[in-house]
Amino acid sequence: LKSADQPAEGAWKPLAAGPDGAFDLKPAFGGTAPAAYVRAYVFAPKAQKAQLAVTGENPWAAWVNGARAASPAVELKQGWNAVLVKVANAGKPAA
């Protein structure tokens, strides 16, 4: 997890997914951060299609292996895949 209001040299912070596989980004928006980024690595035993599932009221964008995802339907390559999701802070309450 990385908040966009961190200094450029700021490090990524570990963030564990809950039992349902979801990440809670509310703590990242506690300050004035305009956005939060989540980076995860997904292993696919073979090349396959997958669905990104992002829930919430804030706008988001995702990249898989460096390519911007045009829709929630994405293609995973065989092996490890880098997934980056940016969630904008649209001023929604954190609670």
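Now for a quick tour of the structure. (Residues numbered from 1 in each chain as written. Predicted model: local features only at pLDDT ≥ 70, side-chain atom pairs only at ≥ 80, totals over all residues. Heavy atoms only, no water.)

Things to note about the overall build of the chain
So, point 1. Per the secondary structure count, the chain includes zero helices and seven strands.
So, point 2. Moving toward the C terminus, one meets the helices and strands of the chain in the order β-β-β-β-β-β-β.
So, point 3. A total of 95 residues make up the chain; the buried ones form 27% of that total.
So, point 4. When the accessible surface of the chain is split by element, carbon and sulfur atoms take 58% of a total near 6400 Å². (Helix = DSSP H or I, 4+ residues; strand = E, 2+ residues; numbered from the N terminus. Buried < 20%, exposed > 50% of the residue type's maximum accessible area, 1.4 Å probe, protein only. Areas by Shrake-Rupley, 256 points an atom, 1.4 Å probe, with all protein chains shown as cover.)

Focus on unusual backbone geometry
Keep in mind that most residues, glycine aside, have a negative phi and that most peptide bonds are trans.
So, point 1. Phi at asparagine 65 is positive, roughly 55°, even though this residue is not glycine.
So, point 2. With respect to the helices and strands, asparagine 65 occurs in the loop between β4 (60–64) and β5 (67–68).
So, point 3. On the accessibility criterion, asparagine 65 (33% relative accessible area) is partly exposed.

Here's the deal with the side chain of asparagine 58
So, point 1. Turning to its location among the elements, asparagine 58 is positioned in the loop between β3 (48–51) and β4.
So, point 2. Polar contacts involving the side chain of asparagine 58 include one to the main-chain carbonyl oxygen of alanine 88, which spans 3.3 Å. (Polar contact = N/O pair within 3.5 Å; in protein donor to acceptor, adjacent residues only side chain to side chain.)

As for a nonpolar patch on the surface
So, point 1. A surface patch of nonpolar side chains, about 410 Å² in accessible area, is lined by Tyr41, Phe43 and Trp80.
So, point 2. Along the chain, tryptophan 80 turns up in strand β7 (residues 79–88).
So, point 3. For tryptophan 80, a relative accessible area of 56% translates into the label exposed. (Patch = residues over 30% accessible without salt bridge, like charges linked within 9 Å, V, L, I, M, F, W, Y side chains within 5 Å. Salt bridge = Lys/Arg side-chain N within 4 Å of Asp/Glu carboxyl O.)

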